[in-house]
Amino acid sequence: MINETEKRPVRLYGVYLLYFCFYMSNAVYVPFVPVYFESIGFSNTQIGILLSLGPIVALLAQPVWGTVSDRARTKNGALLLMLAGCAVSMAVFPLSAGFVFVMVMICLFMFFQTPVFAVGDAITLEILDRRGGGNFSHVRMAGTIGFAVMAVAFGWVAREGRVDWMFPVNTAVYLACMLLVARIPRVAGHQYGGRKMHMGMLFRYRRLMLYLALCFVLHVTLGYYYAFFPLYFQELGADSAWIGWSMLISALSEVPFLLWAARVYNRVPIPWILLGAGAVTAVRWMLYSIVENPLWVFPIQAMHGLILVVLTVTMAIFINREVPPELKASGQTLHALLCLGIARVIGSFLGGVAGDAYGLKKVFFYNGLAAAVCVAVFAVIFLRGADGREGRAAGGG
């Protein structure tokens, strides 16, 4: 029973291993699936369509799995179902290179995959709360290490022309994740047998909506980056191994923030943390738009550690502390729905069309401009409001 499990001492080694494996899967799929699509003959527009399908599916998947997780007997059981769906999808994915088949498989895979990180974060943060302490940033760093290791390892595999190996490799990773989920402490779905609350109630939280709006715009630009950076890097003269090394640099660049995150949250209001990440985002895209030598991409990649991990960890902690227990998983999946779902649709689809029309380099410039305008607008909003003081209270950790 859950109550008996909750009385046992909470050990975190299983959670660290789980995050290590979680992010290994991303290191295989995210940077190399555009390369795989190009290798089987798809155009930039087709690639943009395919990569935008996942976030579209997330519009359905995120609220469904968020509600299922909050109402399930345990959130762990819901997460196991998602991981099983991911494993099966990856195993079947390479059976055909037909465009329609690939569209169907992406939809199936993303239905199960898009909520995995949000529900995993909800489970982990509740485990840390139950433990009476613990640093979520350090747990998340295990994911950074897993991503870095797999990015380099699979980069060498892809360099040998076997980018299609991403499917059996990811199948094995998801099976390992299932074994680890079965070993970590169980976390109850707080609506199981109790009052029912729907995700729409989260829209009453003004600060949450304001922070999500800022993050949404920045994630639109990140959606373009994730879809087309590997192709742009190759356009500059890099090979698949270089893509792997660039992913290693971006992953390791997250470590300093994750080590110091608790102190940052205790000293800096959340709005200014988010704005800082936005400013770095703008500079990074502008630099990509002027670089000519692929070697310069590597130092620019180091800026990644002040962008994605800052946005996602900050929002995960804020949501865990602001929303009621009955909506913790729904809150995390709403964040994923908007920022990793709808925003990625816009970034990958429109980015693909714009890339074909104007070139990948110029679209990076437009993304940098969009991020800079976003930061300026929200800086004015925050300066005129009280969110700086409130953000400090919510962000301590």
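Refer to the preceding data block for the structure.
Source: prediction; values computed, not measured. (Residues numbered from 1 in each chain as written. Predicted model: local features only at pLDDT ≥ 70, side-chain atom pairs only at ≥ 80, totals over all residues. Heavy atoms only, no water.)

Caption draft 1: Highlighting the overall build of the protein. Helix and strand counts for the protein come out as 17 helices and zero strands. The C-alpha radius of gyration of the protein comes to 20 Å, within 12% of the 21 Å expected for a compact globule of 397 residues. Structurally, the protein occupies a C-alpha span of about 55 × 50 × 35 Å along its principal axes. Here the protein holds 397 residues, and the buried ones make up 60% of them. Within the protein, the 18 negative side-chain charges are centred at a point lying 10 Å from the centre of the 29 positive side-chain charges. (Helix = DSSP H or I, 4+ residues; strand = E, 2+ residues; numbered from the N terminus. Rg over C-alpha atoms; globule rule 2.2 N^0.38 Å. Buried < 20%, exposed > 50% of the residue type's maximum accessible area, 1.4 Å probe, protein only. Lys, Arg positive; Asp, Glu negative; His and termini not counted. Charge placed at Lys NZ, Arg CZ, Asp CG, Glu CD.)

Caption draft 2: Focus on the nonpolar core. Phe-22, Phe-37 and Met-166 are the most contacted members of the largest nonpolar core, which has 136 residues in total. Top element by residues in this core is helix H9 (residues 206-236). It accounts for 18 residues. With residues up to four places along the chain from it excluded, the contact list for Phe-22 reads Leu-79, Leu-83, Val-116, Phe-117, Gly-120 and Cys-177. (Core = buried A, V, L, I, M, F, W, Y, C linked by side-chain atoms within 4.5 Å. Contact = heavy atoms within 4.5 Å.)

Caption draft 3: Broad picture of helix H11 (residues 255-267). Given a rise of 1.5 Å per residue, 13 residues ought to cover 18 Å, and the 19 Å separating the end C-alpha atoms of H11 matches this to within 8%. Those residues of H11 that fall on the buried side of the exposure criterion are Val-255, Phe-257, Leu-258, Ala-261, Ala-262 and Tyr-265. (Expected span 1.5 Å × (residues − 1).)

Caption draft 4: Quick peek at helix H10 (residues 240-252). With 13 residues, H10 should cover 18 Å at 1.5 Å per step; its first-to-last C-alpha distance of 19 Å lies within 8% of that length. Looking at H10, one finds that the buried residues are Ser-240, Ala-241, Ile-243, Gly-244, Ser-246, Met-247, Leu-248, Ser-250 and Ala-251. Where H10 begins, one side-chain oxygen reaches toward the backbone nitrogen of Trp-242, 2.9 Å away; that side chain belongs to Asp-239. (Polar contact = N/O pair within 3.5 Å; in protein donor to acceptor, adjacent residues only side chain to side chain.)

By themselves, these observations are geometric and do not establish any function.
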